[in-house]
Amino acid sequence: MKTFTPKPADLTHDWYIVDATDVVLGRLATQVATLLRGKNKPTFAPHADSGNHVIVINAAKVAITGNKLSKELYTHSGRPGGLRADTYAELLEKNPDRIIREAVKGMLPKNKLAKTQMDRLRIFAGAEHPHTPQKPQTFEISQVSQQAK
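Keep in mind that what you see is a predicted model, and the values were worked out from it rather than measured.

Peer 1: Tell me about the sheet that holds strand β6 (residues 137–139), residues and numbers included.
Peer 2: A sheet is described by the order of its strands in space; here four strands give the open sequence β5-β2-β1-β6, paired in parallel fashion. A single partner strand is all that each edge strand has here, and the edge strands are β5 (121–123) and β6. If you compare each strand with its neighbour and ignore which way they point, the axes differ by 25° on average. Here three bridges tie strand β1 (residues 15–19) to β6, and the two strands are oriented parallel to one another. Its bridge partner being in β6, Ile-17 is matched across the sheet by Thr-138. Those strands touched by helix α1 (residues 25–37) are β1, β2 (53–57), β5 and β6, and its axis lies near 155° from that of β2. Helix-sheet contacts for helix α3 (residues 96–106) involve β2 and β5, and the interaxial angle to β5 is about 155°.

Peer 1: Describe the side chain of Asp-49, and please don't skip the residues or the numbers.
Peer 2: Along the polypeptide, Asp-49 turns up in the loop between α1 and β2. Looking at Asp-49, the relative accessible area reads 18%, which means it is buried. Separated by 2.8 Å, the side chains of Asp-49 and Arg-120 make a polar contact. Discounting residues that sit within four places of it in the chain, Asp-49 has contacts with Leu-11, His-13, Leu-113, Thr-116, Gln-117 and Arg-120.

Peer 1: I'd like a description of the packing of aromatic side chains, backed by residues and values.
Peer 2: One pass over the structure, following the stated rule, counts one aromatic pair. Relative to Phe-139, the ring of Tyr-16 has its centre 6.2 Å away and its plane inclined at 85°; by these criteria the two rings are edge-to-face. Note that Tyr-16 is positioned in strand β1 and Phe-139 in strand β6, a separation of 123 residues in sequence. Residue classification places Tyr-16 among the buried positions, given a relative accessible area of 10%.

Peer 1: Please provide a residue-by-residue account of α1, values included.
Peer 2: Here α1 is 13 residues long and its end C-alpha atoms lie 18 Å apart, about the 18 Å a rise of 1.5 Å per residue gives. Listed in full, the buried residues belonging to α1 are Leu-25, Leu-28, Ala-29, Val-32, Ala-33, Leu-35, Leu-36 and Arg-37. Directly beyond the C-terminal end of α1, a positive phi value near 85° is found at Gly-38.

Peer 1: Describe unusual backbone geometry, listing the residues and the values that go with them.
Peer 2: We note that Asn-58 has phi near 55°; this positive angle belongs to a residue other than glycine. Residue classification places Asn-58 among the buried positions, given a relative accessible area of 8%. We note that Lys-135 has phi near 55°; this positive angle belongs to a residue other than glycine.

Peer 1: Summarise the packing of α1 against α3; cite the residues concerned and give the values.
Peer 2: Packing of α1 against α3 leaves a shortest axis separation of 8 Å and a crossing angle of 60°. Considered as vectors, α1 and α3 are oriented oblique to each other. In this structure, the crossing between α1 and α3 has a hand that is right-handed. On α3, the residues that touch Leu-25, Leu-28, Ala-29, Val-32, Ala-33 and Leu-36 of α1 are Ile-99, Ile-100, Ala-103 and Val-104. In the contact of α1 with α3, the residues fall into 10 nonpolar, no polar and no charged.

Calculation rules
- Residues numbered from 1 in each chain as written.
- Predicted model: local features only at pLDDT ≥ 70, side-chain atom pairs only at ≥ 80, totals over all residues.
- Heavy atoms only, no water.
- Pairing = 2+ DSSP bridges.
- Helix = DSSP H or I, 4+ residues; strand = E, 2+ residues; numbered from the N terminus.
- Axes fitted to C-alpha atoms, helices over the stretch in contact; angles between N-to-C directions.
- Contact = heavy atoms within 4.5 Å.
- Buried < 20%, exposed > 50% of the residue type's maximum accessible area, 1.4 Å probe, protein only.
- Polar contact = N/O pair within 3.5 Å; in protein donor to acceptor, adjacent residues only side chain to side chain.
- Phe/Tyr/Trp six-rings, centres within 6.5 Å; stacked < 30°, edge-to-face > 60°.
- Expected span 1.5 Å × (residues − 1).
- Parallel < 35°, antiparallel > 145°, perpendicular 65-115°, else oblique.
- Left-handed = near helix turned anticlockwise from the far one by under 90°.
- Nonpolar A, V, L, I, M, F, W, Y, C, P; charged D, E, K, R; others polar.

Purely geometric numbers; function is a separate question.
Rendered as structure tokens:
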């Protein structure tokens, strides 16, 4: 029996919507990375672009456990003196999509395909999104945070 290799005509890109309310950041990132790579499909191949489009809503309500709220997330602009450090607490207020984007990016393989897969990720701080014409399927993450806020 020969190994199945998906052809470009076999690849489909479905749309999924994930609600990040009270979901732990790491669990959310692993599920979203799995959907972006297309590992939930029976036609998955690591070299083929069989990933899905993922919409994450309510990013500002993601649960961050432990001491991560006081830790810093570093970025560098590439220019001299361009190191920037923001705490997770500041980012949760100002730019919550950056927290989720960096967590998902770290869980994807470090290759050329990862940029294409990251381009299919759309993150919104609130519950509203402009992608209703694509008719996204709801993807439920069953394990939510144990913490009481």
